[in-house]
Amino acid sequence: RAVFQNMSQNCAGPERFLVYEKVYDDFVEGVVKIVKQMRQGPVLSSSFVDCGAITMPHHMKHLQALVDDAVSKGAKARTGGFIPQKGSRLSEGQFYPPTVLVDVPESAKIMQTEIFGPIFCIIKVLGNSDEQAIRIANDCGYALGACAFSGSQKRANKIVQQLEAGLSAVNDLEGTSYLSQSLPFGGSKMSGYDRFAGPEGLRGLCNVKSIVQDRINPTGGPLLAIPPEFCYPQTGQGWAFQSALLRFLYGYGMMAKVKGVVDLLACMVMKPSGTKYPSHAEDQEEHNK
């Protein structure tokens, strides 16, 4: 139902179904049997309508191109997979029939494209391998939702933990997270960034500002002045002083910190070396000449 709900024209609608080899044939036959009994037409014309229309006219050709590409690479359209011919009942509107694609290869474009239409893609996981299923699931540029179904909740949870997606569910559709407004909703990769709902969603509506202030400040003004070694113009000790200070504060191990202290003391007694270039005023004077 999740595939054909609103003709899969919703962001979190499932599109790719990775089915283990052990149950693959039974799964496919069960899905095809149901889809072949579904009825399509204007949704307000009858309470028996299962599938409605495509909202965007140009999208019909997009869906057909994805199906044609998959079939050319080895997939099979067990039902649907065509644009209704002119003169047929379904041609009187933007109706793309509910489609079931089986044996979809990883090389098909539909594996890397957001379908946004009534196409049920079924991919066989050889060897009933969890690792293989996870690899195929994550090998996609889109990552809004993903879920795992298993007779073992523990196993399904382990799989879900490894799926790259913003929304996931164990033995349920990932879209169920949308029903809980305390959970953040959003994806990753090409499915976008940031979230709505939950604390993360509220933070996304805020302008975040970082403010730093001394906890203890008896003077009310700047607590620490910039060391003379760091002031302009350079005294020639800035680099050595800063390196020694960082070594003392962040050096790994006691010996590194001791060396930082020794280097700081050295900066105070040793005369700086290096070329002393002309000042800006001298350069300006030379330019004016």
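The coordinates are above.
Residues numbered from 1 in each chain as written. Predicted model: local features only at pLDDT ≥ 70, side-chain atom pairs only at ≥ 80, totals over all residues. Heavy atoms only, no water.

**Quick look at the overall build of the protein chain**
Across its full length, the protein chain carries eight helices and eight strands. For the C-alpha atoms alone, the extent of the protein chain along its principal axes is close to 95 × 55 × 45 Å. A burial count over the protein chain gives 31% of its 289 residues as buried. Within the protein chain, residue pairs in contact and separated by at least 24 positions form 54% of the contacts whose partners lie at least 6 positions apart. Carbon and sulfur atoms form 58% of the exposed surface of the protein chain, whose accessible area is close to 19400 Å². Where the 29 positive side-chain charges of the protein chain centre and where its 27 negative ones centre are 3 Å apart. (Helix = DSSP H or I, 4+ residues; strand = E, 2+ residues; numbered from the N terminus. Buried < 20%, exposed > 50% of the residue type's maximum accessible area, 1.4 Å probe, protein only. Contact = heavy atoms within 4.5 Å. Areas by Shrake-Rupley, 256 points an atom, 1.4 Å probe, with all protein chains shown as cover. Lys, Arg positive; Asp, Glu negative; His and termini not counted. Charge placed at Lys NZ, Arg CZ, Asp CG, Glu CD.)

**Quick look at unusual backbone geometry**
The phi torsion at Asp103 lies on the positive side, around 55°, for a residue other than glycine. Mapped onto the secondary structure, Asp103 falls in the loop between β3 (99-102) and β4 (119-125).

**Focus: the side chain of Asp263**
Among the structural elements, Asp263 can be located in helix α7 (residues 254-269). Setting aside its immediate chain neighbours within four residues, Asp263 contacts Ala244 and Arg247.

**Section: the sheet that holds β3**
What the four strands build is an open sheet, ordered β1-β4-β3-β2; its pairing is mixed. Lying at the two open borders of the sheet, with one neighbouring strand each, are β1 (16-20) and β2 (76-79). Across the sheet, the mean angle separating the axes of adjacent strands is 30° when strand polarity is ignored. Pairing geometry for β1 and β4, over five bridges, is parallel. When the bridges of β4 are listed, Leu18 appears paired with Ile123. Contacts from helix α2 (residues 59-72) reach β2, β3 and β4, with the element oriented near 25° to β3. (Pairing = 2+ DSSP bridges. Axes fitted to C-alpha atoms, helices over the stretch in contact; angles between N-to-C directions.)

**Regarding the nonpolar core**
If you look at the biggest cluster of nonpolar residues, it comprises 32 residues, and the most contacted ones within it are Val100, Leu101, Val104, Ile110, Ile119, Cys121 and Ile122. Sorting the residues of this core by element identifies α1 (24-36), α2, β3 and β4 as the ones contributing at least two each. Other than its neighbours up to four places away in sequence, Ile110 contacts Leu66, Ala70, Leu101, Val104, Ile115, Ile119 and Cys121. Counting residues in each nonpolar core, the second largest holds ten residues, with Ala133, Ala148, Val160 and Leu163 among its members. (Core = buried A, V, L, I, M, F, W, Y, C linked by side-chain atoms within 4.5 Å.)

**Quick notes on the environment of Ile83**
Mapped onto the elements, Ile83 comes out in the loop between β2 and β3. C-alpha separation for the pair Ile83 and Leu63, spaced 20 residues apart in sequence, amounts to 9.0 Å. Aside from chain neighbours lying at most four places away, what touches Ile83 is Met60, Lys61, Gln64 and Tyr96.

**Some points on the packing of aromatic side chains**
Counting across every chain of the model gives four aromatic pairs. Residues Phe17 and Phe120 carry aromatic rings whose centres are separated by 4.2 Å and whose planes lie at 20° to one another, so their mutual orientation is stacked. Taken together, the positions of Phe17 in strand β1 and Phe120 in strand β4 put the pair 103 residues apart, joining distant regions of the chain. The class of Phe17 is partly exposed, set by a relative accessible area of 21%. (Phe/Tyr/Trp six-rings, centres within 6.5 Å; stacked < 30°, edge-to-face > 60°.)

**Concerning a negative patch on the surface**
Judged by side-chain charge, Glu282, Asp283, Glu285 and Glu286 come together as a negatively charged surface patch. If you trace the backbone, Glu282 turns up in helix α8 (residues 280-288). (Patch = residues over 30% accessible without salt bridge, like charges linked within 9 Å, V, L, I, M, F, W, Y side chains within 5 Å. Salt bridge = Lys/Arg side-chain N within 4 Å of Asp/Glu carboxyl O.)

**Observations regarding the pattern of salt bridges**
Taken as a whole, this structure holds eight salt bridges when the rule is applied. Taking the shortest distance from any N to any O, the salt bridge between Glu106 and Arg135 comes out at 2.8 Å. In this pair, Glu106 sits in the loop between β3 and β4 while Arg135 sits in helix α3 (residues 130-138), placing the two residues 29 residues apart along the sequence.

**Section: the side chain of Glu15**
Mapped onto the secondary structure, Glu15 falls in the segment before β1. Among buried Asp, Glu, Lys and Arg side chains, Glu15 stands out as unpaired, with Arg16 the closest opposite charge at 6.4 Å. A distance of 3.1 Å separates a polar side-chain atom of Glu15 from the backbone nitrogen of Ile115. At 3.0 Å, the side chain of Glu15 forms a polar contact with the backbone nitrogen of Phe116. Those residues within four positions of Glu15 in sequence are excluded, and the remaining contacts are Thr113, Glu114, Ile115, Phe116, Ile119, Phe120 and Cys121. (Polar contact = N/O pair within 3.5 Å; in protein donor to acceptor, adjacent residues only side chain to side chain.)

**Looking at the environment of Tyr250**
If you trace the backbone, Tyr250 turns up in helix α6 (residues 238-250). Put simply, Tyr250 and Gly260 are ten residues apart on the chain and 9.4 Å apart in space, counted from C-alpha to C-alpha.

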